Amino acid sequence: MNQEKQKGLIQSLAEKANLEPKQFELTIRQTVMPANHTNEQLAAFLMVAKKYDLDPILQEIYAFPSRGGIKPIVSVDGWMTLINRHPDFDGMTFEDALDDVGNLISVTCKMYRKDRNHPVEVTEYMKECKRDTEPWKKWPARMLRHKASIQAARYAFGFAGIYDPDEAERISEVEAEVLPDFIDEEKDMFYDLIEKAD
């Protein structure tokens, strides 16, 4: 994105926030962007914020470092904003499944659309989702409800290219484990090609 278009993007978002463009850009760079981000990463992040009409200053969306780039992370509040203001949203319900002693096994979210006869139904399972993090230890039912509602919203409304904070952490963990092996494999393939060329 050229600087002229980036300035226009910053200006339009700054106007919405009732800030001067320079102040808006500085605020975004210092509060929701990772250190050492590029102008292109800032532009990409702001394009996603504008597309989904999410406010980075209210922490509805922020940037998460990933593989030398960024991923746009939408907070739970941001997801609820997206869901509630969608013109076809017609409510959602949750159903918890418990085992014999009352432990939560899964949460099902039914997302209703005004233009469909049947709800979109998504079930998230504690066994698959629970992590050894503070939020999951303190509020496992709430976290699982969030996961179910976000996945149901994706299916119901086609939200793409955005992640929830828990997903970002999972992606980061996988990249840390898989990427070094991938790089080693790429090097090996490169050296094999060089040897064959000689």
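Because the structure is predicted, anything quoted here is derived from the model rather than measured.

### Brief notes about the nonpolar core
If you look at the biggest cluster of nonpolar residues, it comprises 43 residues, and the most contacted ones within it are F45, L46 and M111. If one sorts the elements of this core by residue count, helix α7 (residues 140-157) sits on top with eight residues. Once residues lying within four places of it in the same chain are set aside, the contact partners of F45 are I28, V32, M33, P56, I61, Y62, A63 and I70.

### A look at the pattern of salt bridges
In total, this model carries ten salt bridges according to the counting rule given. Among the ionic pairs, D166 bridges to R131, the shortest N-O distance being 2.9 Å. Pair noted here: D166 is in helix α8 (residues 165-197) and R131 is in the loop between α5 (126-129) and α6 (134-138), with a separation of 35 residues, a long-range link. Across this residue pair, the class does not change: D166 and R131 are buried.

### Focus: the packing of aromatic side chains
Under the counting rule described, the total for this entry stands at four aromatic pairs. Between F157 and F159 the ring centres are 5.8 Å apart and the planes differ by 50°, which places this aromatic pair in the tilted class. Since its relative accessible area comes to 11%, F157 is described here as buried. One aromatic cluster in this structure is built from Y52, W79, F89, F157 and F159.

### Section: the environment of A43
Relative to the helices and strands, A43 resides in helix α3 (residues 39-51). Sequence separation of A43 and L9 is 34 residues, and the distance between their C-alpha atoms is 7.8 Å.

### What to know about the packing of helix α2 (residues 21-31) against α3
Where α2 contacts α3, the axes come no closer than 12 Å and their chain directions differ by 100°. Taken together, the axes of α2 and α3 are roughly perpendicular relative to one another. For the pair formed by α2 and α3, the contact residues are F24, E25, I28 and R29 on the first element and N39, L42, F45 and L46 on the second. Class assignment of the residues belonging to the contact of α2 with α3 gives a composition of five nonpolar, one polar and two charged.

### Focus on the pairing of strand β3 (residues 89-98)
As judged from the eight bridges shared by β3 and strand β4 (residues 104-113), these two strands associate in the antiparallel manner. Opposite M92, over in β4, you have M111 as the bridge partner. Connecting β3 to the next strand, β4, in antiparallel fashion are five residues, including G102 with a positive phi near 95°.

### Quick look at the sheet that holds β4
Reading across the sheet, the three strands line up as β3-β4-β5 and stay open at both edges, with antiparallel pairing between neighbours. Only two strands of the sheet have a single partner each, and these edge strands are β3 and β5 (120-125). Within the sheet, the average angular offset between the axes of one strand and its neighbour, ignoring direction, is 15°. As judged from the six bridges shared by β4 and β5, these two strands associate in the antiparallel manner. Counted as the bridge partner of K110 is E121 from β5.

Reading guide: rules and limits
- Residues numbered from 1 in each chain as written.
- Predicted model: local features only at pLDDT ≥ 70, side-chain atom pairs only at ≥ 80, totals over all residues.
- Heavy atoms only, no water.
- Core = buried A, V, L, I, M, F, W, Y, C linked by side-chain atoms within 4.5 Å.
- Buried < 20%, exposed > 50% of the residue type's maximum accessible area, 1.4 Å probe, protein only.
- Helix = DSSP H or I, 4+ residues; strand = E, 2+ residues; numbered from the N terminus.
- Contact = heavy atoms within 4.5 Å.
- Salt bridge = Lys/Arg side-chain N within 4 Å of Asp/Glu carboxyl O.
- Phe/Tyr/Trp six-rings, centres within 6.5 Å; stacked < 30°, edge-to-face > 60°.
- Axes fitted to C-alpha atoms, helices over the stretch in contact; angles between N-to-C directions.
- Parallel < 35°, antiparallel > 145°, perpendicular 65-115°, else oblique.
- Nonpolar A, V, L, I, M, F, W, Y, C, P; charged D, E, K, R; others polar.
- Pairing = 2+ DSSP bridges.

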